[in-house]
Amino acid sequence: MILSSLRARSLSSAGLDWYVRLTTAAEVGDLDTFSTFLNEDCEYQVNTFLPFHGRNTVAMALQRYRDTFEHLEHELLNVHGSDLHFAVESLNHYVRKDGSPVTISAAAFFDRDEAGLLLSGRLYVDLTPLVQTGSLA
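Let me sum up the structure you'll find in this document. The structure presented is a predicted model; accordingly, all values stated were derived computationally and were not measured.

1. Things to note about the packing of aromatic side chains
Okay, step 1: For the coordinates displayed, the defined rule picks out nine aromatic pairs.
Okay, step 2: Relative to Phe 69, the ring of Tyr 65 has its centre 5.1 Å away and its plane inclined at 75°; by these criteria the two rings are edge-to-face.
Okay, step 3: Look at Tyr 65 and you get partly exposed, because its relative accessible area is 23%.
Okay, step 4: A relative accessible area of 2% places Phe 69 in the buried class.
Okay, step 5: Directly above the ring of Trp 18 sits Arg 112, whose terminal nitrogen or CZ lies 4.0 Å from the centroid.

2. Brief notes about the pattern of salt bridges
Okay, step 1: Within the structure shown, the criterion is met by five salt bridges.
Okay, step 2: Of the charged contacts in the structure, one is a salt bridge between Arg 7 and Glu 89, with a shortest N-O distance of 3.7 Å. Of this pair, Arg 7 sits in the segment before strand S1 (8-9) while Glu 89 sits in strand S5 (residues 85-96), placing them 82 residues apart in sequence.
Okay, step 3: On the basis of relative accessible area, Glu 89 is assigned to the partly exposed category, the value being 33%.
Okay, step 4: Two residues, Lys 97 and Glu 70, come together in a salt bridge whose shortest N-O distance is 3.4 Å. Linking Lys 97 in the loop between S5 and strand S6 (101-112) with Glu 70 in strand S4 (residues 69-81), this pair joins segments that are 27 residues apart in sequence.
Okay, step 5: You can call Glu 70 partly exposed: its relative accessible area is 45%.

3. Describing the layout of surface pockets
Okay, step 1: A volume near 700 Å³ is recorded for the largest pocket.
Okay, step 2: Along the wall of the largest pocket there are 31 residues; nearest its centre are Tyr 44, Val 46, Leu 62, Tyr 65 and Leu 123.
Okay, step 3: Contributing elements (two or more residues each) for the lining of the largest pocket: helix H1 (13-28), strand S2 (38-46), helix H3 (55-66), S4, S5, S6, strand S7 (118-125) and helix H4 (128-131).
Okay, step 4: The leading source of residues in the lining of the largest pocket is H3, at five residues.
Okay, step 5: Its residues assigned to classes, the lining of the largest pocket shows 24 nonpolar, six polar and one charged.

4. Concerning the nonpolar core
Nonpolar side chains in soluble globular proteins tend to be buried together.
Okay, step 1: By size, the foremost hydrophobic cluster in this structure holds 33 residues, and its most contacted members are Tyr 19, Phe 34, Phe 86 and Phe 110.
Okay, step 2: Elements that contribute at least two residues to this core include exactly H1, helix H2 (31-35), S2, H3, S4, S5, S6 and S7.
Okay, step 3: When residues of this core are assigned to their parent elements, the largest contribution, seven residues, is made by H1.
Okay, step 4: With near-sequence residues (within four places) excluded, Phe 86 lies in contact with Leu 11, Trp 18, Tyr 19, Val 79, His 80, Gly 81, Ala 108, Phe 109, Phe 110 and Arg 112.

5. Concerning the sheet that holds S4
Okay, step 1: A sheet is described by the order of its strands in space; here seven strands give the open sequence S1-S4-S5-S6-S7-S2-S3, paired in mixed fashion. The open sheet is flanked by S1 and strand S3 (52-53), the only strands paired with a single partner.
Okay, step 2: Where S2 lies against S3, two bridges are found, and the strand directions are antiparallel. In the sheet register, Glu 43 faces S3, and the bridge partner there is His 53.
Okay, step 3: Against the sheet, H1 engages S1, S4, S5, S6 and S7, with an angle of about 160° to S4.
Okay, step 4: Strands in contact with H3 are S2, S3, S4 and S5; relative to S2, the strand with the most contacts, it is inclined by about 45°.

Quick notes on the rules
Residues numbered from 1 in each chain as written. Predicted model: local features only at pLDDT ≥ 70, side-chain atom pairs only at ≥ 80, totals over all residues. Heavy atoms only, no water. Phe/Tyr/Trp six-rings, centres within 6.5 Å; stacked < 30°, edge-to-face > 60°. Buried < 20%, exposed > 50% of the residue type's maximum accessible area, 1.4 Å probe, protein only. Lys NZ or Arg CZ within 6 Å of the ring centre and 35° of its normal. Salt bridge = Lys/Arg side-chain N within 4 Å of Asp/Glu carboxyl O. Helix = DSSP H or I, 4+ residues; strand = E, 2+ residues; numbered from the N terminus. 1 Å grid on protein atoms, 1.4 Å probe; cavity = no way out; pocket = protein on both sides within 12 Å on 5 of 7 lines; lining within 4 Å. Points joined across faces, edges and corners; volume = space filled by probe spheres on them. Nonpolar A, V, L, I, M, F, W, Y, C, P; charged D, E, K, R; others polar. Core = buried A, V, L, I, M, F, W, Y, C linked by side-chain atoms within 4.5 Å. Contact = heavy atoms within 4.5 Å. Pairing = 2+ DSSP bridges. Axes fitted to C-alpha atoms, helices over the stretch in contact; angles between N-to-C directions.

Structure (structure tokens):
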């Protein structure tokens, strides 16, 4: 997780820390830790695809996603909202299976329940450069 590029944030230190810990678990593929951040009935949607429903399904979807590349690191640019409802703008730095790097802009929206668990996540990102061989977009 790269925080040195963070320009603006309106979350508390605890709220930002929660997001960093969630995202770091996703980056390294630690599904056990990642799952502890999820509400049992959470949902997660990527672009216009149908959402994944439930803690176990969301964790399995993350594992399948992680299987498509070697490494991921998020570079946070902006985080706006409250600790329970916020939006994130980031650059996502990947290393593909063939060893080549690619950076992709992303925007994500998160809603947490009153217990602080992820209730809903929506990610908007064009993953085409990640799967296209030879593209360094």
